[in-house]
Amino acid sequence: MKKDIAIILNHPDLVSFWDFQEGPGQARHSMGRQPYALEEGGGPVERDDEGVFGPFSALLEEGKWFRIPREHLQDLNMHGENAKVTVAAWVKRRKKSNNECEFIAGIWNETNKKRQYGLFLNLSIWESSQQVCGHVSSVGGPTPGYRWCMDSSIGKTEIPLEEWHFVAFTYDSQYVRSYVNGILDERPIRNPYYYPGGLFDGGQDGADFTVGAVDRSQEIGNFFVGSIGGLAIYNKALTNEEMYQLACL
């Protein structure tokens, strides 16, 4: 089901886009304003023979993920009081061995309190389970008064296994919004979620950009298990219309 990527690559606010056509043992290279190479973590990442923007996708198993080291982030490092970001991904979930939350992509290190932004699934807070979540932090550490970061837009729609879905979130420095298949997945109080103040600046020793897992509790975890066929990062909050357009590619 190869899709036309021109509308993605021609957007003036695109930072990077990956189509995950490379094979195991190879860096996954991005298209867009700056070239970025996703390095494999936990060993070679196999290919799924079903893709979205080509014949293949990356098949992430438990224990496997991708990363870009902090020193190479450049424009992916969205931070500051007026920071804006969109993370959009084409994914097919598969069953995990546990019910941990699942990290898709972003800059999010819980161990060292270097959280900035991240797209999650199945974030089990605020009476939620299996939905899309846009997680943001202006402080890096837990939300004041809580053990964990609780600041997130969480939709109402559960994302089923073994089906391709377009999942995304946006942040415009005031509101976080989560989307399912191009539609704002509205939920009272939780989505959109009001969060002024921008994104944490992790500095030179901040978090890496990771795909498929995060650093938490002194180890890599919160694995996404399944196929990822596309990932786009923008340095603006896409509109509802732009998000729907991506879903209709």
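Let me begin by describing the structure that accompanies this report. (Residues numbered from 1 in each chain as written. Predicted model: local features only at pLDDT ≥ 70, side-chain atom pairs only at ≥ 80, totals over all residues. Heavy atoms only, no water.)

Topic: helix H2 (residues 240–247)
Where H2 is concerned, the buried positions are Glu242, Met243 and Leu246. Viewed along the axis of H2, the buried residues span an arc of 100°, placing them on a single side of the element. Residues of H2 that are buried in the fold lie against helix H1 (6–9), strand S7 (85–93), strand S12 (164–171), strand S13 (175–180) and strand S19 (226–234). (Buried < 20%, exposed > 50% of the residue type's maximum accessible area, 1.4 Å probe, protein only. Helix = DSSP H or I, 4+ residues; strand = E, 2+ residues; numbered from the N terminus. Arc of directions from axis to C-beta. Contact = heavy atoms within 4.5 Å.)

As for the sheet that holds strand S8 (residues 102–107)
Whenever strands of a sheet pair, they do so through backbone hydrogen bonds, lying parallel or antiparallel. Taken in spatial order, the eight strands make up an open sheet running S2-S3-S6-S16-S8-S9-S10-S11, and their pairing is antiparallel. Every interior strand has two partners, whereas the edge strands, strand S2 (28–29) and strand S11 (152–154), have only one. Two elements, strand S6 (residues 65–68) and strand S16 (residues 209–211), share three bridges in a ladder whose sense is antiparallel. In the sheet register, isoleucine 68 faces S16, and the bridge partner there is phenylalanine 209. (Pairing = 2+ DSSP bridges.)

A look at unusual backbone geometry
Backbone torsion omega between asparagine 191 and proline 192 reads 5°, so that peptide bond is classified as cis. Inspection of the secondary structure assignment puts proline 192 in the loop between strand S14 (183–184) and strand S15 (193–194). In this model, tryptophan 126 sits at a positive phi of 55°, which is unusual for a non-glycine residue. Mapping tryptophan 126 onto the fold places it in the loop between strand S9 (117–121) and strand S10 (132–136). Positioned with a positive phi, asparagine 222 is a non-glycine residue whose angle comes to about 55°. Relative to the elements of secondary structure, asparagine 222 occurs in the loop between strand S18 (219–221) and S19. Residue classification places asparagine 222 among the buried positions, given a relative accessible area of 5%.

Shape is all these values report; function is a separate question.
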